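In case you want the letters, here they are:
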Amino acid sequence: MMKRYKNMKKIEFDKILKFNIHGIRTKIISILLFLSLFSICIIGVSSYLRSKSLLYNKLKTTSKQINQEVDRGINNYFSTMSNMVLILSKDNNIINADNPELFELGKPLILNMKESDKNISSICIQTKNDVYYTYPEKALSQYDDPKSSNWYTAAMKTPNDVIITEPYSIASTDVVTIAKAVYQDSEIIGVVAMNINLTYYSYLLSQIKIGDDGYAMIVDSNSSIISHPDLDLIGNNCDEDFSFWTEVSTNQEGFVSYNYLGDDYFSSYMTNDITGWKIMAILSNAELLNDTQAIKNTLIIFLLLMTVISIIIAVFFSKPIDKNIKTLLLAFENVAKGDVTVKVAIHSKDEFHQLGKQFNDMTDKISSLIQNVSNSSMTVLESSVELANMAEETNSS
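Residues numbered from 1 in each chain as written. Predicted model: local features only at pLDDT ≥ 70, side-chain atom pairs only at ≥ 80, totals over all residues. Heavy atoms only, no water.

(A) The nonpolar core, seen in detail. Core analysis: the largest hydrophobic core is formed by 42 residues, its most contacted members being Phe78, Met81, Ile110, Met194, Ile196 and Trp277. If you tally residues by element for this core, the top one is helix H2 (residues 24-90), at 10 residues. Membership of the second largest hydrophobic core comes to 16 residues, among which are Phe242, Tyr258, Tyr265 and Ile282. (Core = buried A, V, L, I, M, F, W, Y, C linked by side-chain atoms within 4.5 Å. Buried < 20%, exposed > 50% of the residue type's maximum accessible area, 1.4 Å probe, protein only. Helix = DSSP H or I, 4+ residues; strand = E, 2+ residues; numbered from the N terminus.)

(B) Up close: the packing of aromatic side chains. A complete count under the given rule lists 13 aromatic pairs for this structure. Considering the side-chain rings of Tyr77 and Phe78, the 5.5 Å spacing of their centres and the 85 degrees angle between planes classify their relative orientation as edge-to-face. With respect to class, Tyr77 is no different from Phe78; both count as buried. Taking the centre distance of 6.1 Å and the plane angle of 90 degrees together, the rings of Phe78 and Tyr201 count as edge-to-face. Of this pair, Phe78 sits in helix H2 while Tyr201 is found in helix H6 (residues 198-206), placing the two residues 123 residues apart along the sequence. Accessibility expressed as a relative area gives 0% for Phe78, which makes it buried. Cluster of aromatic residues (ring-pair linked, three or more members): Phe242, Phe244, Tyr258, Tyr260 and Tyr265. Sitting over the ring of Tyr200, Lys118 keeps its end group 4.1 Å from the ring centre. (Phe/Tyr/Trp six-rings, centres within 6.5 Å; stacked < 30°, edge-to-face > 60°. Lys NZ or Arg CZ within 6 Å of the ring centre and 35° of its normal.)

(C) Quick look at the confidence of the model for the chain. Of all residues in the chain, 92% attain a pLDDT of 70 or more, and the chain-wide mean is 81. Under a pLDDT of 50 for its full length, residues 1-17 has, in the predicted model, 13 contacts with residues more than four places off or in other chains. (pLDDT = per-residue confidence, 0-100. Contact = heavy atoms within 4.5 Å.)

(D) How the structure looks around a nonpolar patch on the surface. Where nonpolar side chains cluster on the molecular surface, the patch consists of Leu32, Leu305, Ile309, Ile313, Phe316 and Phe317 and spans about 590 Å² of accessible area. Broken down by element, the residue count for the nonpolar patch peaks at 5 residues, all from helix H9 (residues 285-336). Mapped onto the elements of the fold, Leu305 is located in helix H9. (Patch = residues over 30% accessible without salt bridge, like charges linked within 9 Å, V, L, I, M, F, W, Y side chains within 5 Å. Areas by Shrake-Rupley, 256 points an atom, 1.4 Å probe, with all protein chains shown as cover. Salt bridge = Lys/Arg side-chain N within 4 Å of Asp/Glu carboxyl O.)

(E) Local environment of the pairing of strand E12 (residues 278-284). Of all 7 residues that make up E12, 7 are buried, and the element is covered over most of its length. Side chains of E12 alternate between two faces, with Lys278, Met280, Ile282 and Ser284 and Ile279, Ala281 and Leu283 buried alike. Bridge count for strand E8 (residues 214-219) against E12 is 5 bridges, and the pairing is antiparallel. Following the sheet pairing, Ala216 is matched in E12 by Ala281. Sheet topology note: the strand E11 (residues 263-271)/E12 ladder contains 7 bridges and is antiparallel. When the bridges of E12 are listed, Tyr265 appears paired with Ser284. (Pairing = 2+ DSSP bridges.)

Shown next, in the form of structure tokens:
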């Protein structure tokens, strides 16, 4: 009988130790897990957004610095070419271009300047007296009229300045012309000009890499693309191809974000002071996302790791609390069934130990009370028997 009682008691204890989704242990684990994960998520999201912002600003700064380097390179190149044109305009032999003998002495200077840079396609001079010379030498056709050309008319309008034309085509080759009016005794006698072939120069600019996939784009003041890695876009008009161009064309410098053919891009731009060209450093938004993806993956792994650790810690700390509560709960159930002899042994040094001690004192007092009631009942029973015997003896006598 005693063995059967112990087995029943063990079954009841095992039953009550089963995991209860509504139990105190679940609530403790949930609270600890929520507090830890909430803090981690806040820190993780803040770190991710901060890192993304820093990367964005870094790319923005880098693209601006590259624009400044390209701008400096364009300034240096065209300043050098402009100085060469200025030297030609002040050479005494070229000033006397109308004098064949003197001009013949100036041709070596033209040749040397032409050969000094492979981007110089030709150097020419046109006088008011219709003397025309170009190196490499080429005869004018009946349809050619240098005096009506854009470089000649522009130089004559501002004779004291070296002018740079907008890009245009000569025999299917994109060029710009640098020109300067030539003075002789304070009188303009003609214009000297240098044609710069943009093909190779544009190619060099198109090879500039920004980040992994970023690139540089150069656009002239007429919104035509001069340099771009995609050769099919060279010569295209930005007003037609890019929605952001209105903002870029009306500002000296800035930063724009835009969508092109379904992809998001951002670009830093500035205006070259000498040529009026727009210099643009363009990067794909996907590159920024790729850089931040590594940060995001690290945060996710860290979050999963901390979730596991938090669960383990929560289970570890909640187990003694859960065990003590279930021990007391089982003891109360036994008392409810009439077993007031049950005792609990809680060895923790906290309130559960005091609660167990109070429970044991309670059961001791209940047992003592029951024992007193039982003794009183026996006394009353004995007294009743004695009274009954006395009554019987009285009746007999």
